[in-house]
Amino acid sequence: MDYLREREGKTAHDRRSNEKKMALSPRRKYVPGPVIVGAGPSGLAAAACLKERGVPSEVLERSNCIASLWQLKTYDRLRLHLPKQFCELPLMSFPEEFPTYPTKQQFVDYLEAYAGRFEIRPVFNQTVARAEYDRSLGFWRVRSVGLQKKDGKWEGEEEEEEEEETETEYVCRWLIVATGENAEAVVPEIEGKEEFDGPILHTSSYRRGDEFQGKRVLVVGCGNSGMEVCLDLCNHNAFPSLVVKDSVHVLPQEILGRSTFGMSMWLLKWLPMHLVDRFLLIVSWLMLGDTARLGLHRPCLGPLQLKNSSGKTPVLDIGTLAKIKTGDIKVCPAIRRLTCHTVEFVSGEKENFDAIILATGYKSNVPSWLKESQMFSEKDGLPRRPFPNGWKGQCGLYAVGFTKRGLLGSSMDAKQIAKDIERHWKAEAKHLTAFASLNSP
């Protein structure tokens, strides 16, 4: 990089400047290709698609492993809610021996194999604190804070692994934001939360129901996670109740042996969305009954229309509804306040609980570190432009995994991004080749 060499040259023989820079400035690294922030499925997909097109990249990950949400913050019984063919990343299918709905560990194994196949080696324990476009230079500056082992020990000192915090500034032409929609847990404010004597935990800290055996547990949130945690608690002889604050679509996971999602995608090839929604609701009523009688009222918009307009995903039932019908899971209204062991609901009813689990979802953390407001909304940290146009911003900024369409949406983004960056990469390579030939003797 010419501008980096120029800056280094100006202070190369200035002792005071060098000492000050070593004390205050982060280590700087130039990345010829894009920097990808996040080594989840979206980041891996982007890196693989770029690699396939001959474009190198640098992947930064704040945790110590790939797919940290899957590996460190999900419950043990989790499976993919959609058939594996709708969840595979670009350029590599799931193994044939995997079941239709792979387990959490099988999905992690697939991602590990994916990273290995495309030789993706993320830089772990790197938390991006700030990323900003330097218009005077035409490059992105991505500053990360990480841990590295300390070098050198006093003579006679015991061999212990020590780590120190270091800063690194990555300089690149392109920046791909792959931290996704689920970067941070959403923990709602509940009146009296500090008074409640039992544990209050987010589903990101929940692993399995055996630690709640024989206990009364209130699960807040009726999405796929909340429903599945309730079922897991039932299977471990706990006594769960489910807070249902908003309307929700509950659909069978399969219809006549075929996945509901797969059938919906097939029907959308031939029918308008509102007719497919009507079909899904009729079949759901025949298979599941009237969910409103159980306290699960359906939204006015159909499940596909609601997903398309707001990103809200319908619940795919895997057995929870049957437990609600038998009374093993009680449906409750929204919470008004908490006291010592008691939960008061907006209906005025009060009940005692031993623990509360918040299945209240996740949110983007992009506004906390990306100093840019054109592409991403500062309110929710999502791209301002709706799908399918939210993957590209200005000045070499891209987003992958923010479509609210799961892994399928991430794959679509990754392919588009790689194609676009390859075009610029080849154009710059051609320009540099021509420049070199003009200046050669």
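As a convention, each chain's residues are numbered from 1 in the sequence order in which they are written. Reporting of local features is limited, given that this is a predicted model, to residues whose pLDDT is at least 70; pairs of side-chain atoms are given and counted only at 80 or more, and all residues count toward the totals for whole chains, interfaces and linings. Side-chain descriptors were evaluated using all non-hydrogen atoms of the structure, hydrogens and water having been removed beforehand.

Draft legend 1. Inspection of the sheet that holds strand β9 (residues 200-202) at higher detail. Strand pairing is assigned whenever DSSP detects at least two bridges linking the two strands. Helix and strand assignments come from DSSP, with helices taken as H or I runs of at least 4 residues and strands as E runs of at least 2, each series counted from the N terminus. Taking strand neighbours across the sheet as the criterion, the five strands line up as β9-β20-β10-β11-β16 in an open arrangement whose pairing is parallel. Taken across any chain shown, the strands that pair with only one partner, and hence form the sheet edges, are β9 and β16 (330-332). The sheet shows a mean angle of 25 degrees between the axes of neighbouring strands, taken without regard to direction. Direction of pairing for strand β10 (residues 216-220) relative to strand β20 (residues 355-358): parallel, over a ladder of four bridges. Residue pairing in the sheet places Val217 in a bridge with Ala355 of β20. In this analysis an axis means a line fitted to C-alpha atoms, helices contributing only their contacting stretch, and an angle means the value between N-to-C directions, from 0 to 180 degrees.

Draft legend 2. Focus on helix α8 (residues 273-288). Expected span of a helix: the number of residues minus one, times 1.5 Å. Taking 1.5 Å of rise per residue, 16 residues should cover 22 Å, and α8 covers 22 Å from first to last C-alpha, within 8% of that figure. Of the positions making up α8, those classed as buried are Val276, Asp277, Leu280, Val283, Ser284 and Leu288. Buried residues along α8 cover an arc of 135 degrees about the axis, so they all sit on one side. Facing away from the buried side of α8 by over 90 degrees, the exposed positions are Arg278, Trp285 and Leu286. One or two steps after α8, the chain reaches Gly289, where phi turns positive at roughly 85 degrees. Only protein chains enter the calculation, and the probe is 1.4 Å; a residue is then buried if its accessible area is under 20% of its type maximum, exposed if over 50%, and partly exposed in between. This arc is built from the directions going out from the helix axis to the C-beta atoms.

Draft legend 3. Structural detail: the pairing of β10. Most of β10 sits out of view: four of its five residues are buried. Bridge count for β10 against strand β11 (residues 239-243) is five bridges, and the pairing is parallel. Looking at the pairing, Arg216 lines up with Phe239 of β11. With strands facing away from the observer, any crossover in which the path from the first strand over the helix to the second runs clockwise is taken as right-handed. For the handedness criterion, the β-α-β arrangement of β10, helix α6 (residues 224-235) and β11 is classed as right-handed.

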